[in-house]
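Residue strings, one per chain:
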Amino acid sequence: MLRISQRHLKILETCPRQFEHTYCDRLTLPINPTQQSKTQLGSDFHLLMHQRELGLPIEPILARSPQLNTWMEAMLQTAPELFERDDRTWRESEHVRTLEINNYLFTAIYDLVILQPDRADIIDWKTYPLPRYKKDLDLEWQTRLYLYLLAETSKYLPKQIAFTYWFIQSTPQPKSVKISYTLKQHRQTQTDLLALLAKLTDWLDASVANRELFPQVAASTGLCQHCSFAARCHREYPDSPDASTFTSDDLYHIPMLPI
């Protein structure tokens with residue numbers, strides 16, 4: 001059974017061929033040092049908030065970077081209600097939900113879930129500033145899948161569930177975007193998921209039976225210029241950072257990527 005996360009869905013919808021190279025062929029490229037540093041800092045912050053939620057020591061994590069303590073204190077001052085506890089509330093950090101749909105196992109790992117008798121709140125930490133277009137968050141597969149899975153695997157109605165992104169790096173203090181949920185959105189997500197899964201099944205079957213490659217995104221979209229697989233797909237762009245640094249020979253096989 002193939003595990004599907006929001007990252008899988010995003011890549012699959014954007015470019016099926018990139019999905020094939022990444023998750024079927026299991027190819028990747030080394031991450032440049034700058035991006036690696038940002039990724040590690042983000043991972044450390046998520047670990048920090050998880051440890052704090054569990055009541056475990058956080059000093060070793062804080063010692064890795066002064067930025068971590070600054071971000072944590074900013075969150076505590078900006079939204080103290082997020083960290084309040086009472087007898088009517090159940091909460092869990094790094095909460096996992098799974099759901100099988102048409103022989104695919106959908107998985108979501110929530111940064112923080114806060115459940116009350118009549119409402120459920122999903123909290124997600126983002127260690128970058130608030131995006132320019134907040135409305136685009138409604139269309140992100142993370143938003144859609146996380147809301148959908150919680151509604152499908154709990155007693156809560158869609159209207160009782162909300163998703164809040166917290167952008168830690170926003171200045172002068174962290175900023176949030178709260179996204180409500182409706183039954184109409186829930187049904188649309190289900191329709192879109194089933195349609196995407198049907199395509200994925202067809203592409204996988206064709207790949208196994210006839211060695212057919214997954215479809216490519218149209219070159220006119222310009223997405224290939226920023227894709228690590230541009231050379232492999234015979235769409236090379238001399239001005240692209242990826243193309244100027246790596247070639248298809250630099251790709252190497254890795255184990256199946258975690259969600």
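The model shown is predicted, which means the values in this text are computed figures rather than measured ones.

1. Thoughts on the packing of helix 1 (residues 6-14) against helix 6 (residues 141-152)
Running from amino to carboxyl end, helix 1 crosses helix 6 at an angle of 135°, the nearest separation of the two axes being 9 Å. Classed by the angle they form, the pair helix 1 and helix 6 counts as oblique. In terms of crossing hand, the pair formed by helix 1 and helix 6 is right-handed. Contacts between helix 1 and helix 6 involve Q6, L9, K10 and E13 from the first element and W141, Q142, L145 and Y146 from the second. Split into classes, the residues belonging to the contact of helix 1 with helix 6 amount to four nonpolar, two polar and two charged.

2. Observations concerning the environment of C227
Within the secondary structure layout, C227 lies in the loop between helix 7 (183-210) and helix 8 (241-245). Between the C-alpha atom of C227 and that of P174, which follows or precedes it by 53 residues, the distance is 31 Å.

3. Section: helix 2 (residues 16-24)
What sets the pattern is the α-helix's 3.6 residues per turn: residues three or four places apart point alike. Among the nine residues in helix 2, seven count as buried, and that is most of the element. P16, R17, F19, E20, H21, T22 and Y23 are the residues of helix 2 that are buried. Along its buried surface, helix 2 packs onto helix 1, strand 2 (27-28) and helix 7. The positive-phi residue at the C-terminal boundary of helix 2 is R26, with phi of around 60°.

4. Examining the nonpolar core
Of all hydrophobic cores here, the largest spans 39 residues; its most connected members are L9, F106, Y110, I122, L149, I161 and L193. Ignoring any residue separated from it by four or fewer positions in sequence, one finds L149 in contact with R97, L99, F106, T107, A108 and Y110. Judged by nonpolar contacts, the second largest core, of 19 residues, contains L68, A79, L82 and I168.

5. Things to note about the pattern of salt bridges
Summed over all chains, the structure comprises seven salt bridges. As a salt-bridge pair, E140 and K10 come within 3.8 Å of each other at their nearest N and O atoms. Taken together, the positions of E140 in the loop between strand 5 (119-126) and helix 6 and K10 in helix 1 put the pair 130 residues apart, joining distant regions of the chain. Using a relative accessible area of 28% as the deciding quantity, one classes E140 as partly exposed.

6. Some thoughts on the packing of helix 6 against helix 7
Close contact between helix 6 and helix 7 brings their axes to 10 Å; oriented N to C, the two are set at 110°. In this view, helix 6 runs roughly perpendicular relative to helix 7, as classed from their interaxial angle. Counted together, W141, R144, L145, Y148, A151 and E152 of helix 6 and H186, Q188, T189, Q190, D192, L193 and L196 of helix 7 form the full contact between these two elements. Class assignment of the residues belonging to the contact of helix 6 with helix 7 gives a composition of six nonpolar, four polar and three charged.

7. Considerations on helix 3 (residues 33-54)
The terminal C-alpha atoms of helix 3, which comprises 22 residues, lie 31 Å apart, in line with the 32 Å expected from a rise of 1.5 Å per residue. For helix 3, the complete set of buried residues consists of G42, D44, F45, L48, M49, H50, Q51 and E53. Looking at the buried side of helix 3, the elements it contacts are helix 4 (59-62), helix 5 (66-78), strand 3 (90-101), strand 4 (104-116) and strand 5. Capping of helix 3 at its N-terminal end is provided by N32; its side-chain oxygen lies 3.1 Å from the backbone amide nitrogen of T34. Where helix 3 terminates, the next one or two residues include G55, which has phi positive at roughly 75°.

8. Observations regarding the packing of aromatic side chains
Describing an aromatic ring pair means giving the distance of the ring centres and the angle of the ring planes. If you walk through the whole model with that rule in mind, you get eleven aromatic pairs. Here the aromatic rings of F45 and W125 are separated by 6.3 Å at their centres, their planes lie at 85°, and the arrangement is edge-to-face. Linking F45 in helix 3 with W125 in strand 5, this pair joins segments that are 80 residues apart in sequence. An aromatic cluster is defined as three or more aromatic residues linked by ring pairs; in this entry it consists of Y110, Y128, Y146, F163, Y165 and F167. A cation over a ring is seen here: R144 above W141, with NZ or CZ 4.5 Å from the ring centre. Against the face of Y156 rests K155, its NZ or CZ located 4.1 Å from the ring centre.

9. Some points on the environment of D86
Assignment of secondary structure puts D86 in the loop between helix 5 and strand 3. Residues D86 and K159, 73 residues apart in the sequence, show an inter-C-alpha distance of 23 Å. In terms of polar contacts, D86 uses its side chain to reach the backbone amide nitrogen of R88, at 2.8 Å. A distance of 2.9 Å separates a polar atom in the side chain of D86 from a polar atom in the side chain of T89.

10. Things to note about the side chain of R235
Residue placement: R235 occurs in the loop between helix 7 and helix 8. R235 sits in the buried class, given a relative accessible area of 18%. In this structure the side chain of R235 is engaged in a polar contact, spanning 2.5 Å, whose partner is the backbone oxygen of V217.

Reading the values: rules and limits
Residues numbered from 1 in each chain as written. Predicted model: local features only at pLDDT ≥ 70, side-chain atom pairs only at ≥ 80, totals over all residues. Heavy atoms only, no water. Axes fitted to C-alpha atoms, helices over the stretch in contact; angles between N-to-C directions. Helix = DSSP H or I, 4+ residues; strand = E, 2+ residues; numbered from the N terminus. Parallel < 35°, antiparallel > 145°, perpendicular 65-115°, else oblique. Left-handed = near helix turned anticlockwise from the far one by under 90°. Contact = heavy atoms within 4.5 Å. Nonpolar A, V, L, I, M, F, W, Y, C, P; charged D, E, K, R; others polar. Buried < 20%, exposed > 50% of the residue type's maximum accessible area, 1.4 Å probe, protein only. Core = buried A, V, L, I, M, F, W, Y, C linked by side-chain atoms within 4.5 Å. Salt bridge = Lys/Arg side-chain N within 4 Å of Asp/Glu carboxyl O. Expected span 1.5 Å × (residues − 1). Polar contact = N/O pair within 3.5 Å; in protein donor to acceptor, adjacent residues only side chain to side chain. Phe/Tyr/Trp six-rings, centres within 6.5 Å; stacked < 30°, edge-to-face > 60°. Lys NZ or Arg CZ within 6 Å of the ring centre and 35° of its normal.

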